[in-house]
Amino acid sequence: MIENASLDNVGTEKSTKTLYNGNCYDSAAFKKDFQSIVYSVDDAVNKVGYGVFQIRLTFLAGLGWLADSFEIFILSVIGDFLACEWTLYRWQIALLTSIVFAGIMVGSPILGTIADVYGRKKCLTISMVLLFFFGAVSAASPSYTWMVIFRTCMGFSLGGIAQGVTLNSEYCPTNVRGKAGFYLCYFWSLGSIGVILLVWAVMEYLNNWRILLALASVPSLIVILSLKLYTVIWIFLLTSISSYSHVDVSIVMWT
């Protein structure tokens, strides 16, 4: 609590003093030094350091990249199976891949704006729910036209997956921020390997592309469940001023 009081100085002159946390300071000097204090969010994040919370967050963002990788790489193998099922031309197969990236182009600025306004965790949750839904219903597509529609919507949802990378970077200290982003690349690689193994197992033993698409959406469901259980609250408290130019910041996290 800060209070202003008139206290007697030597003689009969009076000067305004500032009472803060039981200590008395000269008001003019206190105001000047207090206004010069700048403690940014990056300073607070750096003070926390890189620990279990950040590792869990990196893992969560990495799962998002793994789910993204599954849906992207499945396009390179599913086309031939659909061509046999629906007697498609080569340009129709190519369109199935191109339309996904067109959806990403539209979804990225829209979902990015939503993330800036309502929060990255909410945007990432919305993206993963849409990705799981349209990825799963693609397996039930009754025709080529519906497959194009579902994969376009799936591409739109992929435009918000990058918010996991941003969320991961924002909560990591500056000295490890680059490494934390690099770690996500491992999840993308694991996803690409997982897709190949999944295609081999399903088509070798079940020979059913619908089951293949349904299973490819499972990583998205895992991310959704992880986000549901992963609630983060950060409280930044200015607790004390030990001198004119020092601010002690306490950071409390509930995970």
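Cut-off values and rules
Residues numbered from 1 in each chain as written. Predicted model: local features only at pLDDT ≥ 70, side-chain atom pairs only at ≥ 80, totals over all residues. Heavy atoms only, no water. UniProt positions renumbered as here; feature names shortened; annotations may be inferred. Helix = DSSP H or I, 4+ residues; strand = E, 2+ residues; numbered from the N terminus. Buried < 20%, exposed > 50% of the residue type's maximum accessible area, 1.4 Å probe, protein only. Contact = heavy atoms within 4.5 Å. Salt bridge = Lys/Arg side-chain N within 4 Å of Asp/Glu carboxyl O.

The protein appears in an unreviewed UniProt entry as Synaptic vesicle 2-related protein from Nephila pilipes. Quoted verbatim from the Subcellular location (unreviewed entry) field of UniProt, the annotation for the protein is "Membrane". The record held by UniProt for the protein lists under Sequence similarities (unreviewed entry) the comment "Belongs to the major facilitator superfamily."

Not every positive phi belongs to a glycine, and T87 is a case in point at roughly 55 degrees. In this fold, T87 is placed in the loop between α4 (75–86) and α5 (90–118). For N207, which is not a glycine, the phi torsion comes out positive at approximately 50 degrees. Relative to the helices and strands, N207 resides in the loop between α9 (177–205) and α10 (209–216). We classify N207 as exposed; its relative accessible area is 58%.

Attention now moves to the environment of V195. Examined against the element boundaries, V195 turns out to sit in helix α9. With 20 residues separating them in the primary sequence, V195 and L215 have C-alpha atoms 9.8 Å apart. Excluding residues within four positions of it along the chain, V195 makes contact with S69, F70, F73 and I74.

On to the pattern of salt bridges, then. Tallied over the entire structure, the rule returns four salt bridges. Residue R90 is joined to D80 by a salt bridge in which the shortest nitrogen-to-oxygen separation is 3.7 Å. Placement of the pair is R90 in helix α5 and D80 in helix α4, with a sequence separation of 10 residues. Two residues, E170 and R120, come together in a salt bridge whose shortest N-O distance is 2.9 Å. You can see E170 sitting in helix α8 (residues 163–170) and its partner R120 sitting in helix α6 (residues 120–138), a full 50 residues away along the chain. By relative accessible area, E170 is classed as partly exposed at 35%. Taken together, the shared-partner salt bridges in this structure form one network comprising D116, R120 and E170.

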